[in-house]
Every structure is written in C-alpha cells, then in structure tokens.
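This is what each chain is made of:
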Amino acid sequence: NAGVTQTPKFQVLKTGQSMTLQCAQDMNHEYMSWYRQDPGMGLRLIHYSVGAGITDQGEVPNGYNVSRSTTEDFPLRLLSAAPSQTSVYFCATAPAGGRETQYFGPGTRLLVL
Amino acid sequence: AQSVTQPDIHITVSEGASLELRCNYSYGATPYLFWYVQSPGQGLQLLLKYFSGDTLVQGIKGFEAEFKRSQSSFNLRKPSVHWSDAAEYFCAVGTGANNLFFGTGTRLTVIP
C-alpha cells in the first residue's frame, strides 16, 4: 500500500518547455488536489478534483492544466514553463467530505531556468 | 474570503521547554481547522484537526490545540518539546469542499 506517490522527485526545465507531474494514489480517495509551496507563502491550491471526470480551479491555476480520467491518477501539466513556476509541488488526496484528513505525497521539486 | 495568519515565522525553544505556535483565521462560516507538520524534505503530516465540539483537541506526538471562536484563533501547544519536533508547522482552514487554505508556516528550532 504505497499511499500517495509523486514522480519525478526533482526536475529541471528550461523556460517554455512543457512537462507533466504525476500523482497516483491507491487509497480509493475521491478527492485529489495539487498545491505549490513557495518560501514564505505556505501552500497554495492550484487545481483539485472531487472525482473522475471532475476538476476545478484553486487559488493559483494559471499556467497549469489537469485532468482526472481515473480515480487513482491526477497529473498536473505545465504548458509552457516559466521561472515563476519554480516551486515544490505537492499532491494531496482525501475521502469525500470536508472533514476528512488529507494525505500528502512527498513532493516534486521543480526548477525552471 | 478565508485566510490564515501565522505571525511567527521562526521560533527557537530549548528542549524540554513548553511551546505555543499561534494561528489566527478568517472564515465566514464555522471553520474546519488543521495543524500539519513538515519535516525537511518531506510531505505534510496531520497533527490534529477541529471540526466541532470540545474546543481542546488532542493530536499525535503530544500536541494539542485550542479553538477560541471569540479570538479567531487555533493555537498549537506542547508542554515539553523534544529535539525531534524541529520542523515547519502549518495551520490551515478547510472549507466544506476539502480545499485547504494554509498559513505561511512557523519554523521551529529546538536547542539541546
């Protein structure tokens, strides 16, 4: 039982390149989300999903795209990377319902040059 | 709109001393409140959460937090800090839709 996994652990991109950050969970959770963590700013919600086929924007969605074709996977796509997207990205999952504990993955550290 | 303020960026305490980390929130409805801990290079782990009922909640690793509606606060406490408690601590407010709004975090350093 792996919980929440994220790949890659670390990535370096050049400005303008695209890439996909992977998030997978084996807990059968309906809710999945992506956060970015920047120094002095805490974690900010990028996109989230309450179930397969349903996604919505969070606080800072610009420059990112998501889809949810299965319960298990929730990839985050950077369409054209910018230096401002240098950050640590965390995926989180939870059962449906606002009172549920969220389980965070180990993070992906992204550097955009 | 919801927001969370953690006024202390960095706190240093001696091992064995007591600890209080401050958290103030702004939210129009009854809040769901959380404290998470992040060790260096790791993801976030839930320490405790408050939804309703008893305003003093107990968490893992000997932590507790008290919800004070009149002060819009949810401060985290521990009576005796251990060196392994050195980490970054995040307070968060949750909406009914699972989404969390985090404070900027408080980094805790523990002196032997």
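Calculation criteria
- Residues numbered from 1 in each chain as written.
- Chains lettered and ligands numbered in written order.
- Predicted model: local features only at pLDDT ≥ 70, side-chain atom pairs only at ≥ 80, totals over all residues.
- Heavy atoms only, no water.
- Pairing = 2+ DSSP bridges.
- Helix = DSSP H or I, 4+ residues; strand = E, 2+ residues; numbered from the N terminus.
- Axes fitted to C-alpha atoms, helices over the stretch in contact; angles between N-to-C directions.
- Buried < 20%, exposed > 50% of the residue type's maximum accessible area, 1.4 Å probe, protein only.
- Contact = heavy atoms within 4.5 Å.
- Polar contact = N/O pair within 3.5 Å; in protein donor to acceptor, adjacent residues only side chain to side chain.
- Buried area = accessible area lost by both parts, 1.4 Å probe.
- Salt bridge = Lys/Arg side-chain N within 4 Å of Asp/Glu carboxyl O.
- Nonpolar A, V, L, I, M, F, W, Y, C, P; charged D, E, K, R; others polar.
- Patch = residues over 30% accessible without salt bridge, like charges linked within 9 Å, V, L, I, M, F, W, Y side chains within 5 Å.
- Areas by Shrake-Rupley, 256 points an atom, 1.4 Å probe, with all protein chains shown as cover.
- pLDDT = per-residue confidence, 0-100.
- Phe/Tyr/Trp six-rings, centres within 6.5 Å; stacked < 30°, edge-to-face > 60°.

A.B. asks: A description of the sheet that holds strand β7 (residues 64-66) of chain A should follow, citing residues and the corresponding values.
C.D. replies: Residue and element names in this part refer to chain A. Taken in spatial order, the 4 strands make up an open sheet running β1-β3-β8-β7, and their pairing is antiparallel. Each edge of the sheet is formed by a strand with only one pairing partner; in this case those strands are β1 (4-7) and β7. Here the average twist between neighbouring strands, direction ignored, is 20 degrees. Of the strand pairs in this sheet, strand β3 (residues 19-25) and strand β8 (residues 76-78) are connected by 3 bridges, and their pairing is antiparallel. When the sheet's bridge partners are listed, M19 is paired in β8 with L78.

A.B. asks: Which residues make up the environment of H10 of chain B, and what are the values?
C.D. replies: All names here are of chain B. Here H10 is to be found in strand β2 (residues 10-14). When its relative accessible area of 39% is taken as the criterion, H10 is described as partly exposed. Separated by 48 residues in the primary sequence, H10 and Q58 have C-alpha atoms spaced 23 Å apart. Those residues in contact with H10, other than ones at most four positions away along the chain, are R107 and T109. Looking at H10, its side chain comes within polar contact range of the side chain of T109, at 2.7 Å.

A.B. asks: An account of the interface of chain A and chain B is requested, with residue identities and associated values reported.
C.D. replies: Across the contact, 23 residues belong to chain A and 23 residues belong to chain B. Summed over both sides, the interface of chain A with chain B buries roughly 1800 Å², with 52% coming from carbon and sulfur. Inspection of the chain A/chain B interface yields 0 salt bridges. Between the two partners, chain A and chain B, sit 5 residue pairs in polar contact (both at pLDDT 80 or more). When contributions to the side of chain A that touches chain B are tallied by element, the ones reaching two or more residues are β4 (31-38), β5 (42-51) and β9 (87-94) of chain A. Examining the composition of the side of chain A that touches chain B, we find that 4 residues originate from one element, β5 of chain A, more than from any other. For the side of chain A that touches chain B, a count of residues per class yields 12 nonpolar, 8 polar and 3 charged.

A.B. asks: An account of a nonpolar patch on the surface is needed here, citing residue identities and associated values.
C.D. replies: Together, F10, V12, L111 and L113 of chain A make up a nonpolar patch on the protein surface, roughly 360 Å² of accessible area in all. Inspection of the secondary structure puts V12 of chain A in strand β2 (residues 10-13).

A.B. asks: Give a detailed account of the confidence of the model for chain B, specifying residues and quantitative values.
C.D. replies: Taken as a whole, chain B shows an average pLDDT of 92; of its residues, 98% reach a score of 70 or greater. For chain B, the element scoring lowest by mean pLDDT is strand β11 (residues 100-102) of chain B, at 91; strand β3 (residues 19-21) of chain B scores highest, at 98.

A.B. asks: Tell me about the packing of aromatic side chains, residues and numbers included.
C.D. replies: The final tally for this structure, using the stated rule, is 15 aromatic pairs over all chains. With a centroid separation of 6.3 Å and an interplanar angle of 85 degrees, the aromatic rings of F90 of chain B and F102 of chain B are classed as edge-to-face. Remark: F102 of chain B occurs in strand β11 and F90 of chain B occurs in strand β10 (residues 87-94); sequence separation between them is 12 residues. According to the relative accessible area criterion, F102 of chain B is buried, its value standing at 9%. Taken together, the ring pairs connect Y35 and F104 of chain A together with Y32, F34, Y36, F51, F90 and F102 of chain B into an aromatic cluster.

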